[in-house]
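Next come the chains, spelled out residue by residue.
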Amino acid sequence: FPSHDRNVKQSPIEFREMILQCFDDVKHYFPEDIDLQLDVQQNEPFFSDPNRVNTVLKNIIGNAVKYKKHSGEASYLKIRVRSDADWAHLTFSDNGEGIEASHIHKIFEMFYRASNSTVGTGLGLYICKEIVANLGGTIQVQSERGVGTVFTVTLKNLY
């Protein structure tokens, strides 16, 4: 698991390209349309571990796609990135199923699954939390059942 691995790589990250690739990778599994709205401001080089950052992005984006509403409402995923010489702040907002308030505090626990509407191991967000902590960052969630979810990830620039 990431927290036991201190061999953090430091390579340049281009958030726009990485996010578009992750979205492209996961959207094929769920052919329903989801509107990706991407807003990236990255004027400084940002260094981190590309494989680990990619894993975090793919998990959060994959969940947004998997847990979209099936009510006929147009689904969206808004990703906002603000990156500077010290930090990258990433916000992922969707209008999907959302998470019950009684489950929110458990979603980063190993094997915990807040929804049975799709298959999963309950490891994705646990792994995200471990990776983000190992990279010197934070991950938080706000959600309302039936309304949507917002994940906020902060990553330290490891230049």
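Residues numbered from 1 in each chain as written. Predicted model: local features only at pLDDT ≥ 70, side-chain atom pairs only at ≥ 80, totals over all residues. Heavy atoms only, no water.

A description of the overall build of the protein should follow, citing residues and the corresponding values.
A count of helical and extended segments in the protein gives four helices and seven strands. What you see in the protein, going N to C, is helices and strands ordered as β-α-β-β-α-β-β-α-α-β-β. Here the C-alpha atoms of the protein give a radius of gyration of 15 Å, agreeing with the 15 Å that 2.2 N^0.38 yields for 159 residues. Out of the 159 residues in the protein, the part that is buried amounts to 45%. (Helix = DSSP H or I, 4+ residues; strand = E, 2+ residues; numbered from the N terminus. Rg over C-alpha atoms; globule rule 2.2 N^0.38 Å. Buried < 20%, exposed > 50% of the residue type's maximum accessible area, 1.4 Å probe, protein only.)

Help me get a handle on the pairing of strand S7 (residues 148-156), residues and values and all.
Pairing of strand S5 (residues 87-94) with S7 involves eight bridges; the strand directions are antiparallel. Opposite His-89, over in S7, you have Thr-154 as the bridge partner. Strand direction decides the pairing type here: strand S6 (residues 138-144) and S7, joined by seven bridges, are antiparallel. Directly across from Thr-138, in S7, lies its bridge partner Thr-154. (Pairing = 2+ DSSP bridges.)

So what's going on with the packing of helix H2 (residues 50-66) against helix H4 (residues 124-134)? Which residues, and what values?
At a minimum axis distance of 9 Å, the contact between H2 and H4 shows a crossing angle of 145°. The crossing of H2 and H4 is left-handed. In this structure, H2 contributes Arg-52, Thr-55, Val-56, Asn-59, Ile-60 and Asn-63 to the contact, and H4 contributes Gly-124, Leu-125, Ile-127, Cys-128, Ile-131, Val-132 and Asn-134. Taken together, the residues that form the contact of H2 with H4 break down as seven nonpolar, five polar and one charged. (Axes fitted to C-alpha atoms, helices over the stretch in contact; angles between N-to-C directions. Left-handed = near helix turned anticlockwise from the far one by under 90°. Contact = heavy atoms within 4.5 Å. Nonpolar A, V, L, I, M, F, W, Y, C, P; charged D, E, K, R; others polar.)

Hey, could you go over H4 for me, with residue numbers and the actual values?
The buried count for H4 comes to eight of 11 residues, which makes it a mostly enclosed element. Listing the buried residues of H4 in full gives Gly-124, Leu-125, Tyr-126, Cys-128, Glu-130, Ile-131, Val-132 and Asn-134. Packing partners of the buried residues in H4 comprise H2, S6 and S7. In the stretch just after H4, Gly-136 is the one whose phi turns positive, near 80°.

Can you lay out the layout of surface pockets for me, pointing to particular residues and giving the numbers?
If you add up the space inside the largest pocket, you get close to 660 Å³. Lining the largest pocket are 35 residues, with Asn-59, Asn-63, Lys-66, Tyr-67 and Leu-125 positioned closest to its centre. Of all the elements in the fold, those that place two or more residues in the lining of the largest pocket are helix H1 (15-27), H2, H4 and S7. In terms of residue class, the lining of the largest pocket is built from 13 nonpolar, 13 polar and nine charged. (1 Å grid on protein atoms, 1.4 Å probe; cavity = no way out; pocket = protein on both sides within 12 Å on 5 of 7 lines; lining within 4 Å. Points joined across faces, edges and corners; volume = space filled by probe spheres on them.)

Break down the state of the cysteines for me, with residues and values.
The full count for this structure, using the stated rule, is zero disulfides. Cysteine Cys-128 shares no disulfide, and the gap to the nearest cysteine sulfur, in Cys-22, comes to 10 Å. (Disulfide = S-S within 2.5 Å.)

Could you give me a rundown of the nonpolar core, with the residues and numbers involved?
By size, the foremost hydrophobic cluster in this structure holds 38 residues, and its most contacted members are Phe-15, Leu-57, Ile-61, Leu-90, Phe-92, Phe-151 and Leu-155. Of all the secondary structure elements, the ones that give two or more residues to this core are H1, strand S2 (35-42), H2, strand S4 (76-83), S5, H4, S6 and S7. When near neighbours in sequence (up to four residues on either side) are disregarded, Leu-90 contacts Phe-15, Leu-57, Arg-80, Val-81, Phe-151, Thr-152, Val-153 and Leu-155. (Core = buried A, V, L, I, M, F, W, Y, C linked by side-chain atoms within 4.5 Å.)

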